[in-house]
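Residue-level structure breakdown
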Amino acid sequence: MRHLILAHSKPTAHALGAWLALRGERPIAELDDDQRVIVWEGREGLPVVQAFDRLARALEEAAYGGGEMPSRHRVVVLVDGIARPDDLNVVAQGGGWESLLSMLILAFPEFRWVFGVWGASNADAKRVTELAKHHSLISLFGPGESDPLFDATGLRDWIRERTNHCLEHELKDDLRLPLREERAAIIEEEQSYLYFNGYCAYRFGFRADLIASWQRMKNTFGNKGKHPYWLLLEDMSLNFPDREKGIKLHCLRGERARECPQLDSINAAVERSRQRVLITTGQTRPGDDTLSRNRDYLREKAHGRGTLVLKPASGLFDLWEQAGLMRRYDGVSHTDFAPSHRWPPEKPVLAGKADGHGAPGKLLLVAEKLIERAEAIKSQVRSVGDAVLGATLAADALELTGCRTPTSAIQALSLKHQFEVMAECQFSGVEYHIHIEPRISDITRDLEAICLWFGEGKRESARLNAHMHILNQLVRILREYNRFDEEQICMNKVRSLHSTLWMKSRSWRSIFWLPIRYVEYLLESFLRFVGVLGIWVAVLAFLFALYPADPNPSDCGLVRFGIGLENAITSFFSVGAPMQHLKIVDDPSVGFVVVSMISIISGFLHLGVLISHLYSVVSRK
């Protein structure tokens, strides 16, 4: 863990330095020579762009100056104080210290921010008191806090809420940043599963609290009263290294409910989660019926629903679907996301018109910083944690644009899905075959919202180009990790998008619509291609039986169809005249010649496409 100091003045920086000594850190000798200390004194007159850029780069240098990956260790930033928590909003007119801090907090979501002084709030005193509890200097010496990456305490959500308030009441802007009011608890001792499941909850609109030790689990759920979580994602076989001897947590009804009373799902007064999901490999010892008892217990959940999910899942979307969360909640128009999370933004009234506008400048500044940081770590991803960090940076950047700055939003969307696919491909807890179709639908939905902010005449071409760009990036990653089937699905979609764009660029090209779409249909699946070939042979066999070579046939219908099938197969697959085992007719009928020509041409085209397609598939494998 690395500790940094961000202070208004040198005296407050010295005071915070004493807290570092209490934490066992190296004492601060000279403020000007210690890279861990950033003092803002004397720079108050700088424009907001320069101020943010200088502070952000100073924090990056101090935290990761050695070239480490951000996910390798935690960073704690000690700030001298916040006089007005209600002013923690990014777009405040005139800026100020609180506004600048808000920008930094959003730009570095993986940092834990601790403040020496918290002022009073007129907007929501109770919530600010709760925030101060988790972000005060005293919290440094309390029980372990959750990783801040998924905003477990709600600090970033508070900043978004105050920013929305300023947008509505001061700037009169209809942009609203998406909020995460519902909370999720991720209970897991394996780090890869912990961050994978935590990000899954975060990307679908929850603030995720990562619980990776028995002490934290006991402190969170071992007290009287009810817990605050809407969603519980928990492993069945919890073998925390700090678990006390004799404590077993496999059985939900007995052991886990007894040790953690707030997880007693039969008691609706204390366990009020809307969804409780037990994730397990399903492995039990011979004669052990714990799995079936846990399944029955979840069915009896007094409040909300209980679900059992077996590992491994086929990616983020499959996990969410198996958990029963890929649905629309009462009174909510959107699907997949937490009830309070509104994404993508609703269609704007002035989208694409001349008097439309993008995201406010300071929000865009933070979004661009997040994109820059995500791009910087893309080539260094070596683990699920690395990929999840990049995905979180990109997801936050996308949400901060509100889809109103299309170029930045598309870049953030592309990075988000690239990092998510990297996480799925690198994680051994995900099946080899991942569900890629829901991801393509997710990209399509977001691009439709983003491209509304292009001019009306450019929306469609912008959407098609952006869609192709994003999918091509995913193809590169899938090819790198040898996910052939998923790569093929993305390639089929790219092919369709490219053809659509090509036809739209010149109106006369629409005459090729039918053959282009037919070839795309064939290439979507090898089995489909084989099935279509079978249909062609059957149709040709019928035509050959209807128009035999002999103008005056004497054979019965069944025999004629057999001869027709022979003619169809030999001409279609040999790309030549039909070959018959019977006598050859010297003067065949006109109908027979026409059908033979159709068979030869169609066989040539289909076999050419099939061979080229098989070659491309085999060469990649």
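See the structure above.
Under the counting rule described, the total for this entry stands at four cavities of 30 Å³ or more. The volume enclosed by the largest cavity comes to roughly 150 Å³. Around the largest cavity, the lining is made up of 17 residues, and of these Phe 111, Arg 112, His 135, Pro 148 and Thr 153 lie nearest the centre. The element best represented in the lining of the largest cavity is strand S4 (residues 111-115), accounting for three residues. Taken together, the residues of the lining of the largest cavity break down into eight nonpolar, four polar and five charged. Of the pockets and cavities examined, the second largest cavity occupies roughly 70 Å³. Looking at the second largest cavity, the residues that line it are Tyr 193, Phe 196, Asn 197, Ile 279, Leu 310, Lys 311, Pro 312, Ala 313, Leu 319, Phe 427 and Gly 429. Among the elements that line the lining of the second largest cavity, the one with the most residues is helix H6 (residues 191-203), at three residues. Broken down by class, the residue content of the lining of the second largest cavity amounts to eight nonpolar, two polar and one charged.

Nonpolar side chains collect at one region of the surface, where Phe 542, Leu 546, Tyr 547, Phe 561, Leu 565, Ile 569 and Phe 573 lie side by side and expose about 640 Å² of accessible area between them. Listing elements by their share of the nonpolar patch, those giving two or more residues are helix H18 (526-546) and helix H19 (557-574). Following the sequence through the fold, Tyr 547 ends up in the loop between H18 and H19. Here Tyr 547 falls in the partly exposed class, since its relative accessible area comes to 40%.

A few words now on the pairing of strand S5 (residues 183-187). Of all five residues that make up S5, four are buried, and the element is covered over most of its length. Where S5 meets strand S6 (residues 207-211), five bridges bridge the pair, whose relative direction is parallel. Within S6, the position partnered with Ala 184 by the bridge is Ala 208. Handedness of the crossover joining S5 and S6 through H6: right-handed. Two elements, S5 and strand S7 (residues 231-235), share four bridges in a ladder whose sense is parallel. Counterpart to Ala 185 in the pairing with S7 is Leu 232.

Moving on, we come to the packing of aromatic side chains. According to the stated counting rule, one finds 19 aromatic pairs in the structure shown. Judged by centre distance (5.7 Å) and plane angle (40 degrees), the ring pair of Phe 150 and Tyr 202 falls under tilted. Taken as a pair, Phe 150 in the loop between helix H4 (125-135) and helix H5 (155-169) and Tyr 202 in helix H6 lie far apart in primary sequence, 52 residues in all. By the burial criterion, Phe 150 is buried, and Tyr 202 matches it. One aromatic cluster is present, built from ring pairs that chain together Phe 204, Phe 206, Trp 230, Phe 317, Trp 320 and Phe 337. Lying over the aromatic face of Tyr 202, Arg 180 brings its terminal NZ or CZ to 3.9 Å of the ring centre. Sitting over the ring of Phe 204, Arg 203 keeps its end group 4.7 Å from the ring centre.

Next up on the list: the sheet that holds strand S2 (residues 37-39). Judged by pairing direction, the sheet is parallel, and its four strands sit side by side in the order S2-S1-S3-S4 without closing on themselves. Edge positions in the open sheet fall to S2 and S4, since each of these has one partner strand only. Across the sheet, the axes of successive neighbouring strands diverge by a mean angle of 20 degrees, strand direction being ignored. With three bridges joining them, strand S1 (residues 2-7) and S2 adopt parallel strand pairing. Bridge pairing in S2 links Ala 7 to Val 39.

Parameters at a glance
Residues numbered from 1 in each chain as written. Predicted model: local features only at pLDDT ≥ 70, side-chain atom pairs only at ≥ 80, totals over all residues. Heavy atoms only, no water. 1 Å grid on protein atoms, 1.4 Å probe; cavity = no way out; pocket = protein on both sides within 12 Å on 5 of 7 lines; lining within 4 Å. Points joined across faces, edges and corners; volume = space filled by probe spheres on them. Helix = DSSP H or I, 4+ residues; strand = E, 2+ residues; numbered from the N terminus. Nonpolar A, V, L, I, M, F, W, Y, C, P; charged D, E, K, R; others polar. Patch = residues over 30% accessible without salt bridge, like charges linked within 9 Å, V, L, I, M, F, W, Y side chains within 5 Å. Areas by Shrake-Rupley, 256 points an atom, 1.4 Å probe, with all protein chains shown as cover. Salt bridge = Lys/Arg side-chain N within 4 Å of Asp/Glu carboxyl O. Buried < 20%, exposed > 50% of the residue type's maximum accessible area, 1.4 Å probe, protein only. Pairing = 2+ DSSP bridges. Right-handed = clockwise from strand over helix to strand, strands pointing away. Phe/Tyr/Trp six-rings, centres within 6.5 Å; stacked < 30°, edge-to-face > 60°. Lys NZ or Arg CZ within 6 Å of the ring centre and 35° of its normal. Axes fitted to C-alpha atoms, helices over the stretch in contact; angles between N-to-C directions.

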